[in-house]
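A closer look at the structure
What follows is the residue order along each chain.
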Amino acid sequence: EASGVVLGKSADKLFSLSGLFAVYKPKGPTSAGVLNLLKERLLAEAGVQTNGNKRNQVLKIGHGGTLDSAAAGVLVVGIGKGTKMLRTMLAGSKKYTAIGLLGKATDTLDATGKVTEEKPYDQITKGDLENVLQKFTGDIMQVPPLYSALKKDGERLSTLMKRGEAVEAKPARPVRVYSLSLQQFQPPLFTLDVECGGGFYVRSLVSDIGKELSTCATMQELTRTKHGPFTLEEHTLYEDKWTIDEIARSLEHCMSLLPGEPSHKKLKTEHPGETAVSCE
């Protein structure tokens, strides 16, 4: 293809990028939407024409675990051969800061949903809340929310719910909470720091805490502050840094954080499953 010759150094650099890095997902867009914007930015900077051209299929990019639209924070991105490492990231540990609201329940378990129940909460003390948190630490069983990216017959539960179809709750499943602490208590609001394993829903946690306190609760805000070794403060690229050079720099730094990954030459191994991210 003649157009391939015209592609300059920046396109060559873009298509040679390989590994994992982290971007900041703001509140509002979906995780997939953020990824598409990132991809468009990079292809535009490299001067790659995407209209009617399958060239953008060549840029392999994916994320390591959905953040709800209403949530913000660390979104781990795999590019090139790094996409093969994303499955490991999904299972890795994550840290969140969540703000819960006592006395109200919604159908989505967060602030985007319709209020389904209201109950008094004035009897609840800081001590009550702290005592309840112990029950949600360690290996616990959790029922995932109906409004979620989990699938039934190939369709997301959230899509089925929005269409008004009857959706049965998924059965409770084992999840792991490494640590859970109360950071602030200003009724009706409370702030939690949570460190958990893969497949954990903070929305469900907040809702379950409400029930355990004989009231109800819904999640007002959620920020993912850490995913695997990547933190919000140190490793996350904001939108103004979504350039080929910044990502190349970030990849070098981020790949050194992964255990047993002294360089991303290792990514060429036959068994991407071996590049496990420790979740201690």
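Structure report, in brief. On a predicted model such as this, the values are computed, not experimentally measured, just so you know.

Parameters at a glance
Residues numbered from 1 in each chain as written. Predicted model: local features only at pLDDT ≥ 70, side-chain atom pairs only at ≥ 80, totals over all residues. Heavy atoms only, no water. Helix = DSSP H or I, 4+ residues; strand = E, 2+ residues; numbered from the N terminus. Buried < 20%, exposed > 50% of the residue type's maximum accessible area, 1.4 Å probe, protein only. Core = buried A, V, L, I, M, F, W, Y, C linked by side-chain atoms within 4.5 Å. Contact = heavy atoms within 4.5 Å. Phe/Tyr/Trp six-rings, centres within 6.5 Å; stacked < 30°, edge-to-face > 60°. Pairing = 2+ DSSP bridges. Arc of directions from axis to C-beta. Lys, Arg positive; Asp, Glu negative; His and termini not counted. Salt bridge = Lys/Arg side-chain N within 4 Å of Asp/Glu carboxyl O. Polar contact = N/O pair within 3.5 Å; in protein donor to acceptor, adjacent residues only side chain to side chain.

Describing the environment of T116
On the secondary structure map, T116 appears in strand β6 (residues 115–118). The class of T116 is exposed, set by a relative accessible area of 53%. With eleven residues separating them in the primary sequence, T116 and A105 have C-alpha atoms 5.6 Å apart.

Let's talk about the nonpolar core
Ranked by size, the top nonpolar core spans 35 residues in total, and within it L14, L20, F21, V23, L38, I79 and F230 carry the most contacts. Ranked by the residues each element gives to this core, the list is headed by helix α9 (residues 244–255), at six residues. Not counting chain neighbours up to four residues away, the residues in contact with L14 comprise L42, L43, A46, L59, I79 and I244. In terms of nonpolar packing, the next biggest core, distinct from the first, is built from 29 residues, I140, L192, V194 and V202 among them.

Section: the packing of aromatic side chains
To describe a pair of aromatic rings, one takes the distance between the centres and the angle between the planes. For the structure on display, the rule yields one aromatic pair. Measuring from centroid to centroid gives 4.5 Å for Y24 and Y238, while their planes differ by 20°, and the two rings are stacked. Pair noted here: Y24 is in strand β1 (residues 19–25) and Y238 is in the loop between β14 (236–237) and α9, with a separation of 214 residues, a long-range link. On the basis of relative accessible area, Y238 is assigned to the partly exposed category, the value being 38%.

Let's talk about the side chain of T191
If you trace the backbone, T191 turns up in strand β11 (residues 189–196). If near-sequence neighbours (up to four positions away) are discounted, T191 is found in contact with T97, A98, I99, S181, L182, Q183 and Q184.

A word on the pairing of strand β4 (residues 94–102)
In the sheet, β4 pairs with β11 via eight bridges, with the strands oriented antiparallel. Within β11, the residue paired with K95 across the bridge is E195. Across nine bridges, the pairing between β4 and strand β12 (residues 217–227) is antiparallel. Note on β12: the bridge partner recorded for A98 is L222.

Some points on helix α5 (residues 126–133)
Regarding α5, the residues found buried are L129, V132 and L133. Take α5 and look down its axis: the buried residues cluster within an arc of 105°, on one side only. Tucked inside the fold, the buried residues of α5 contact β10 (173–186), β11 and α7 (202–212).

What to know about the side chain of R224
Along the chain, R224 falls in strand β12. Although R224 is buried, it forms no salt bridge, and the closest oppositely charged side chain is D68 at an N-O distance of 8.2 Å. Of note is the side chain of R224, whose polar atom sits 2.9 Å from the backbone oxygen of V74. Excluding residues that lie within four positions of it along the chain, R224 makes contacts with G65, T66, L67, A72, G73, V74, L75, K94, K95, Y96 and L232.

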